[in-house]
Amino acid sequence: MYFTLFITVLITAVVLVVAAYVIAKLIGPRSYNPVKGEPFECGIPTHGSSWLPMHVGYYLFTILFLMFDIETVFLYPWAVVVKQFGSLALISIGFFLVVLVLGLAYAWRKGALEWK
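This is a predicted model, so every value here is computed, not measured. (Residues numbered from 1 in each chain as written. Predicted model: local features only at pLDDT ≥ 70, side-chain atom pairs only at ≥ 80, totals over all residues. Heavy atoms only, no water.)

(A) Looking closely at the environment of L90. For L90, the position within the fold is in helix α3 (residues 87-110). Taking C-alpha positions, L90 is 9.7 Å from A79, a pair spaced 11 residues apart along the chain. (Helix = DSSP H or I, 4+ residues; strand = E, 2+ residues; numbered from the N terminus.)

In structure tokens form, the structure reads like this:
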């Protein structure tokens, strides 16, 4: 029963996405102007290349922030049902938190949290 529902939802999602793409291509306006492909920043013409290298530290810091932010999303449902599951829930969330603390310690030791 659930497998049939899953396949139906999956096929419906694919059909809707493909249909939206095809309809947009068919009725959407087409303008082939070379200026359209140039980078644009608030009405000010750009000078030079818009592809500037970014320091990898920004990406690493963002990934770490998201990882520990998502941790709170997983902690809330656990807090709601902890009384129903008893010690098994406590052990599982303890393991979850230990893994996250070890990840934070590793990132801290590697200097990922320091701006250079």
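(B) Spatial organisation of the packing of helix α2 (residues 56-85) against α3. Look at α2 against α3: their axes get within 10 Å of each other, and the N-to-C directions meet at 165°. Between α2 and α3, the crossing angle belongs to the class labelled roughly antiparallel. The two elements α2 and α3 cross, and the hand of that crossing is left-handed. Here L64, M67, F68, E71, F74, L75, W78, V82 and F85 of α2 lie close against α3, whose contacting residues are S87, L88, A89, L90, I93, F96, L97, L100, G103, L104 and A107. Taken together, the residues of the contact of α2 with α3 sort by class into 17 nonpolar, 2 polar and 1 charged. (Axes fitted to C-alpha atoms, helices over the stretch in contact; angles between N-to-C directions. Parallel < 35°, antiparallel > 145°, perpendicular 65-115°, else oblique. Left-handed = near helix turned anticlockwise from the far one by under 90°. Contact = heavy atoms within 4.5 Å. Nonpolar A, V, L, I, M, F, W, Y, C, P; charged D, E, K, R; others polar.)

(C) Highlighting the UniProt feature "transmembrane region" (unreviewed entry) in the protein. Per the UniProt entry, the sites bearing "transmembrane region" (unreviewed entry) are residues 6-24, 56-79 and 85-108 in this numbering. In residues 56-79, helix accounts for 100% and strand for 0%; the two terminal C-alpha atoms are 35 Å from one another. Taken end to end, residues 85-108 is 96% helix and 0% strand, and its two terminal C-alpha atoms sit 34 Å from one another. (UniProt positions renumbered as here; feature names shortened; annotations may be inferred.)

(D) The arrangement of a nonpolar patch on the surface in detail. Together, F3, F6, L10, V14, V18, Y21, V22, I23, L26 and I27 make up a nonpolar patch on the protein surface, roughly 1,100 Å² of accessible area in all. Summarising the element assignment, I27 is placed in helix α1 (residues 2-27). Accessibility expressed as a relative area gives 69% for I27, which makes it exposed. (Patch = residues over 30% accessible without salt bridge, like charges linked within 9 Å, V, L, I, M, F, W, Y side chains within 5 Å. Areas by Shrake-Rupley, 256 points an atom, 1.4 Å probe, with all protein chains shown as cover. Salt bridge = Lys/Arg side-chain N within 4 Å of Asp/Glu carboxyl O. Buried < 20%, exposed > 50% of the residue type's maximum accessible area, 1.4 Å probe, protein only.)

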